[in-house]
Structures are given as C-alpha cells and as structure tokens.
Amino acid sequence: KGDFVFIPKEPLEENIFTDDEMYLLGWYLGDGCSRKTGQVRITLAKHELACAEVLQGIIQRIADEHPTVGVPNKRGHHKTPRIGIARIKDCKGWYRLQCGNKWLSVWLREWCGGPRAKRIHPRLLRCKNSIALAVGFAEAEGSQCAPRFDVAIGQRGRQILEDIQRILINSGVWATKG
C-alpha cells in the first residue's frame with residue numbers, strides 16, 4: 001500500500017551565523033548580486049516588499065557592525081554607504097534592495113559565490129540553523145502550488161538544488177526533485 005524510503009540525516013554542527021544572516025544568504029543565493037566594487041543588490045517583486053523590509057533591517061545591522069567606505073561615484077568620491085529599496089524603472093512591479101558595503105559584498109561572495117558561480121559553502125550545509133538559508137532561498141526562488149500547497153523551486157544550478165534538498169532533509173522536511 002505504501003512504500004517508505006529512509007534517507008539518513010547527516011550530523012549537524014554548531015551555527016556559524018545567526019538565523020538572520022543565514023536568511024540573507026538564502027535570498028542572495030536566489031535573487032542577489034554582489035560586485036567586487038562593494039555593491040550588493042537583491043531583486044524583489046512587488047508582493048515581496050515585506051521581505052525587502054526585513055532584509056533591509058538585516059543588512060543595516062550587518063553594515064552597522066562592519067562599516068566600510070562607500071562605493072565610489074563617477075567622480076571617484078566615496079559616498080556614505082546607503083541601504084535602500086527602490087523601484088526598478090524599466091520593470092513595472094519590481095524592486096531592488098541595494099547597499100554599498102565592501103565587507104558585506106566580500107562576505108556574500110565567500111559563502112555563496114559571485115555572479116554566475118553561485119554555490120553553498122559546504123560548512124553552511126551542516127549548520128543546525130541552515131533551514132533559515134533554505135527559507136530565504138525558497139522565498140526568493142520558490143512558488144506555492146495549488147491544490148496540494150507544496151512549494152516548487154526553480155533554479156538552473158543543479159548543485160544548489162541538491163544542497164537545498166540536503167538542508168531540508170537534514171531539518172526533517174521531505175523534499176524531492178522533479
């Protein structure tokens with residue numbers, strides 16, 4: 001009548017980062033971009049504005065702990081780093097959360113890779129709070145499907161999907177690939 005598949009959970013290690021920082025890493029992995037200049041951007045849809053405000057608060061706390069010189073403007077002068085949510089002019093209903101903080105940009109790249117080379121650092125996969133990273137990623141890349149109300153995640157990077165699946169299984173959440 002019913003088959004069972006037993007998937008062993010891996011032993012989890014102590015947390016490296018807070019839940020908020022893991023959540024930010026998940027959003028960055030899904031819809032973020034960081035440049036070597038220190039510019040960090042996360043693109044969000046209009047219905048995700050509440051998430052944008054939460055992310056803005058997390059980034060503000062990180063920027064307060066790690067203040068850096070701002071990104072240089074066209075004349076080469078450094079502006080004070082500003083964190084803000086702005087509407088994307090050419091894309092109706094889309095917003096961009098952006099921040100100029102070199103430390104944050106390097107940190108994001110170190111743990112989740114840069115443009116066109118995104119990945120999840122192996123140490124993050126074994127953290128007890130890695131589910132917060134998976135939640136951030138699912139909010140960025142996922143969609144809820146009716147009638148079963150399951151969550152579908154689309155992503156070109158196969159390894160990222162396999163890592164998210166491993167995080168979910170280690171956290172006690174059934175996750176399959178389709």
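Residues numbered from 1 in each chain as written. Predicted model: local features only at pLDDT ≥ 70, side-chain atom pairs only at ≥ 80, totals over all residues. Heavy atoms only, no water.

Caption draft 1: A look at the pairing of strand E4 (residues 94-100). Bridging between strand E2 (residues 39-45) and E4 involves seven bridges; their strand directions are antiparallel. Within E4, the position partnered with Ile42 by the bridge is Leu97. (Pairing = 2+ DSSP bridges. Helix = DSSP H or I, 4+ residues; strand = E, 2+ residues; numbered from the N terminus.)

Caption draft 2: Seen up close, unusual backbone geometry. Here Arg116, not a glycine, exhibits a phi torsion of approximately 60 degrees, which is positive. By the secondary structure assignment, Arg116 is in the loop between helix H3 (102-112) and helix H4 (122-125).

Caption draft 3: Layout of the pattern of salt bridges. Under the defined criterion, the tally for this structure stands at four salt bridges. Across the pair Glu13 and Arg126 runs a salt bridge, and its minimum N-O distance is 3.2 Å. Here the residue Glu13 occupies a position in the segment before helix H1 (19-31), and Arg126 occupies one in the loop between H4 and helix H5 (130-141), the gap between them amounting to 113 residues. Its salt-bridge partner being Glu14, residue Lys128 comes within 2.9 Å of it at the nearest N-O pair. Within this pair, whereas Lys128 is found in the loop between H4 and H5, its partner Glu14 is found in the segment before H1, the two being separated by 114 residues in sequence. A residue is classified by how much of its surface remains accessible, and Glu14, at 58% relative accessible area, is exposed. (Salt bridge = Lys/Arg side-chain N within 4 Å of Asp/Glu carboxyl O. Buried < 20%, exposed > 50% of the residue type's maximum accessible area, 1.4 Å probe, protein only.)

Caption draft 4: Seen up close, the packing of aromatic side chains. Going through the model one piece at a time under the given rule, you end up with three aromatic pairs. Measuring from ring centre to ring centre gives 5.1 Å for Phe17 and Trp107, while their planes differ by 85 degrees; the resulting arrangement is edge-to-face. On the criterion of sequence distance, the pair formed by Phe17 in the segment before H1 and Trp107 in helix H3 is long-range, its members being 90 residues apart. Each member of the pair, Phe17 together with Trp107, is buried. Geometrically, the ring pair formed by Trp103 and Trp107 is stacked, given 5.9 Å between the ring centres and 15 degrees between the ring planes. (Phe/Tyr/Trp six-rings, centres within 6.5 Å; stacked < 30°, edge-to-face > 60°.)

Caption draft 5: View of helix H2 (residues 49-65). A rise of 1.5 Å per residue sets the reference length of H2, with its 17 residues, at 24 Å; its end C-alpha atoms lie 24 Å apart and thus fit the reference within 8%. Considering only its buried residues, H2 is in contact with H1, E2, strand E3 (83-87), E4, H3 and H5. (Expected span 1.5 Å × (residues − 1). Contact = heavy atoms within 4.5 Å.)

Caption draft 6: Local environment of the sheet that holds E2. Read from one edge to the other, the open sheet built from four strands follows the order E1-E2-E4-E3, with strand pairing classed as antiparallel. Each edge of the open sheet is held by one strand with a lone partner, namely strand E1 (32-34) and E3. Shown here is a sheet whose adjacent strand axes are inclined to one another by a mean of 20 degrees, direction ignored. (Axes fitted to C-alpha atoms, helices over the stretch in contact; angles between N-to-C directions.)

Caption draft 7: Layout of the confidence of the model for the protein. Confidence along the protein averages 85 in pLDDT terms, with 84% of residues attaining 70 or more. The least confident element of the protein is strand E5 (residues 142-145), whose mean pLDDT is 71; the most confident is H1, at 96. (pLDDT = per-residue confidence, 0-100.)

Caption draft 8: Structural context of the pairing of E3. Here five bridges tie E3 to E4, and the two strands are oriented antiparallel to one another. Among the inter-strand pairings, Gly84 is bridged to a residue of E4, identified as Gln98.

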